[in-house]
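Fold and geometry: a report
Each chain, letter by letter, is given below.
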Amino acid sequence: IPGVPGLALFNRIRNLEFYRDIPVLVVSGYLRAYDFSLMNELPFTGLVEKPFNEFFLNRRIKDLYRDWKWFVAEKATIDSALSALESQGNKVFEAITYLVEKAPRPTPIGIYAARVMVQKGLFAEAEQMLKRILRVTPDSLAALTEIGKVMLHTKRFSEASVYLRNAQSLSPDNLDRLCMLGDV
């Protein structure tokens, strides 16, 4: 769409419930390193940077389809476990962690699970999931931002500041994160 940056269009599409779980292949001639990093942390999102060859495009489409197919097959199990987490605690958390770790790309699925935990008010569990992600992927923009939000929810402002500043140093143009830092 003329006049609308690609990432802005992507975010608009993904914010619509109907398109939330639809695979998206982003083809771009210009991406900053942190845009690339963030796109790789989103579920069912493939990224191809121009110029590319047919083999690379084919590989990205197959990877994207594999990720999406896995999620469709496991989504009911993940959602059921997330629903049971409130009443059954640690045993269910470990089952969710197992599902996340067996995903083709664990980081996006772990972030998905953590976001659902936050929506349910399960901040300690979300924090635990996000810290597991950060042990494996310390520069995960999404995990740093999400754990910063968890710290804000739990009124741990100095910790929120550390996580959000780390994320901001990796992706300095994120207005939402700048606003969160302003809240700290």
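Rules used in this analysis
- Residues numbered from 1 in each chain as written.
- Predicted model: local features only at pLDDT ≥ 70, side-chain atom pairs only at ≥ 80, totals over all residues.
- Heavy atoms only, no water.
- Helix = DSSP H or I, 4+ residues; strand = E, 2+ residues; numbered from the N terminus.
- Buried < 20%, exposed > 50% of the residue type's maximum accessible area, 1.4 Å probe, protein only.
- Contact = heavy atoms within 4.5 Å.
- pLDDT = per-residue confidence, 0-100.
- Pairing = 2+ DSSP bridges.
- 1 Å grid on protein atoms, 1.4 Å probe; cavity = no way out; pocket = protein on both sides within 12 Å on 5 of 7 lines; lining within 4 Å.
- Points joined across faces, edges and corners; volume = space filled by probe spheres on them.
- Phe/Tyr/Trp six-rings, centres within 6.5 Å; stacked < 30°, edge-to-face > 60°.
- Polar contact = N/O pair within 3.5 Å; in protein donor to acceptor, adjacent residues only side chain to side chain.
- Axes fitted to C-alpha atoms, helices over the stretch in contact; angles between N-to-C directions.
- Parallel < 35°, antiparallel > 145°, perpendicular 65-115°, else oblique.
- Left-handed = near helix turned anticlockwise from the far one by under 90°.
- Nonpolar A, V, L, I, M, F, W, Y, C, P; charged D, E, K, R; others polar.
- Expected span 1.5 Å × (residues − 1).
- Bend = angle between axes of the 7 residues up to and from the residue.
- Arc of directions from axis to C-beta.

1. A closer look at the overall build of the chain
What the chain contains, in helices and strands, is nine helices and two strands. Listed by position from the N terminus, the elements making up the chain come as α-β-α-β-α-α-α-α-α-α-α. Counting across all 184 residues of the chain, residues that qualify as buried make up 42%. Contacts in the chain between residues far apart in sequence, at least 24 positions, make up 51% of those at least 6 positions apart.

2. Overview of the confidence of the model for the chain
With 86% of its residues at a pLDDT of 70 or more, the chain has an overall mean of 84. For the chain, the element scoring lowest by mean pLDDT is helix H9 (residues 175-183), at 62; helix H6 (residues 123-136) scores highest, at 95.

3. Thoughts on the pairing of strand S1 (residues 24-28)
The side-chain alternation of S1 yields one buried face, formed by Val-24, Val-26 and Ser-28, and one unburied face, formed by Leu-25 and Val-27. Two strands pair when backbone bridges link them, and S1 and strand S2 (residues 45-49) are joined in this way by five bridges, in the parallel orientation. Within S2, the residue paired with Val-26 across the bridge is Leu-47.

4. Topic: empty space enclosed by the protein
Following the criterion strictly, the structure yields one cavity of 30 Å³ or more and no others. Considered as a void within the structure, the largest cavity measures approximately 60 Å³ in volume. As for the largest cavity, its lining consists of Pro-43, Phe-44, Asp-67, Trp-70, Ala-103, Pro-104, Arg-105, Pro-108 and Ile-109. The set of elements that each furnish at least two residues to the lining of the largest cavity consists of helix H3 (54-88) and helix H5 (106-119).

5. Observations regarding the packing of aromatic side chains
Tallied over the full model, the rule gives three aromatic pairs. With centroids separated by 5.0 Å and ring planes inclined at 85°, the aromatic side chains of Phe-18 and Tyr-19 adopt a geometry described as edge-to-face. Relative accessible area serves as the criterion here: at 66%, Phe-18 is assigned to the exposed category. On the basis of relative accessibility, which here comes to 38%, the residue Tyr-19 falls in the partly exposed class.

6. Side note on the side chain of Thr-145
One can find Thr-145 in helix H7 (residues 141-153). From its side chain, Thr-145 meets the backbone oxygen of Leu-141 in a polar contact 2.9 Å long.

7. Structural notes on the packing of H6 against H7
Where H6 contacts H7, the axes come no closer than 10 Å and their chain directions differ by 155°. In terms of orientation, H6 lies roughly antiparallel with respect to H7. Crossing hand, H6 versus H7: left-handed. Listed contacts from H7 to Phe-123, Ala-126, Glu-127, Leu-130, Lys-131, Ile-133 and Leu-134 of H6 are Ala-143, Leu-144, Glu-146, Ile-147, Val-150, Met-151 and His-153. Taken together, the residues of the contact of H6 with H7 break down into 10 nonpolar, one polar and three charged.

8. As for H3
Working note: α-helix, 3.6 residues per turn, so residues spaced by three or four point in the same direction. When the terminal C-alpha atoms of H3 are compared, their 48 Å separation across 35 residues agrees well with the 51 Å that a helix rising 1.5 Å per residue should span. In H3, a bend of some 50° at Glu-74 exceeds every other bend along the element. Where H3 begins, the side chain of Asn-53 points an oxygen toward the backbone nitrogen of Phe-55, at a separation of 3.1 Å. Once H3 ends, the next one or two residues include Gly-89, with phi positive near 65°.

9. Quick word on H6
Here H6 contains 14 residues, and its C-alpha end-to-end distance of 20 Å stays within 8% of the 20 Å for a straight helix at 1.5 Å per residue. Those residues of H6 not exposed but buried are Ala-126, Glu-127, Met-129, Leu-130, Ile-133 and Leu-134. Around the axis of H6, the buried residues are gathered within 165° of arc, so they sit on the same side. Turned more than 90 degrees off the buried face of H6, the exposed positions are Ala-124, Arg-135 and Val-136.

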